[in-house]
Amino acid sequence: QVQLVESGGGLVQAGGSLRLSCAVSGRTFSSYAMGWFRQAPGKEREFVAAISWSGYSTSYADSVKGRFNTSRDKAKNRVYLQMNSLKTEDTAVYYCAADLRRSATPRSGYDYWGQGTQVTVSS
């Protein structure tokens, strides 16, 4: 089992920045990819970003490319999502997810999920 806990969400004005953090615990000895997803009210959950086990490969949704950056600190078992130039349409609950079967940057099919953290961007 893997436990994921997100933090760092909050209220920010458009154009501002936030940094989300995801703490990973439990079965962490395997190579695993990490992903970020979000779900806005009335919408389906969507892929935001992913990072490989090595940390050298990343993947982003077109809507956040150039504004968001994901990174990981394997020594601390943490993954981060730096969000810059935030827009009102970025408002959503953000989730981190772990895929213990793959080490690249998958955009779906994750095994474990955190509880989510709310990000609200005001105009």
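The structure we're discussing is the one just above.
These numbers were taken from a predicted model, which means no experiment stands behind them. (Residues numbered from 1 in each chain as written. Predicted model: local features only at pLDDT ≥ 70, side-chain atom pairs only at ≥ 80, totals over all residues. Heavy atoms only, no water.)

(A) Representation of the sheet that holds strand β3 (residues 18-26) in the model. Reading across from one edge, β1-β3-β8-β7 is the order of the four strands in this open sheet, with antiparallel pairing throughout. In this open sheet, the two edge strands, each paired with only one partner strand, are β1 (2-7) and β7 (68-73). Each adjacent strand pair in this sheet contributes to an overall mean axis angle of 15°, direction not counted. (Pairing = 2+ DSSP bridges. Helix = DSSP H or I, 4+ residues; strand = E, 2+ residues; numbered from the N terminus. Axes fitted to C-alpha atoms, helices over the stretch in contact; angles between N-to-C directions.)

(B) Unusual backbone geometry, seen in detail. Unlike most non-glycine residues, Asn77 shows phi in positive territory, near 55°. Note that Asn77 resides in the loop between β7 and β8 (78-83).

(C) Seen up close, the nonpolar core. Grouped together as the largest cluster of nonpolar side chains are 35 residues, with contacts concentrated most on Leu4, Met34, Leu81, Met83 and Tyr94. Looking at this core, the elements that each hand over two or more residues are β1, β3, β4 (33-39), β5 (46-51), β8, β9 (92-99) and β11 (117-122). (Core = buried A, V, L, I, M, F, W, Y, C linked by side-chain atoms within 4.5 Å. Buried < 20%, exposed > 50% of the residue type's maximum accessible area, 1.4 Å probe, protein only.)

(D) Seen up close, the packing of aromatic side chains. By the definition in use, this model includes five aromatic pairs. When the ring centre of Tyr80 is taken as origin, the NZ or CZ atom of Arg19, which lies over that ring, is 3.9 Å away. Arg45 extends its terminal NZ or CZ atom over the ring of Tyr95, reaching a point 6.0 Å from the ring centre. (Phe/Tyr/Trp six-rings, centres within 6.5 Å; stacked < 30°, edge-to-face > 60°. Lys NZ or Arg CZ within 6 Å of the ring centre and 35° of its normal.)

(E) Looking closely at the pairing of β7. Side chains Phe68, Thr70 and Arg72 of β7 all project onto a buried face; the interleaved residues Asn69, Ser71 and Asp73 project onto a face where none is buried. Strand direction decides the pairing type here: β7 and β8, joined by six bridges, are antiparallel. Opposite Ser71, over in β8, you have Tyr80 as the bridge partner. Following β7, the chain reverses through four residues before pairing antiparallel with β8; Asn77 in that reversal takes a positive phi of roughly 55°.

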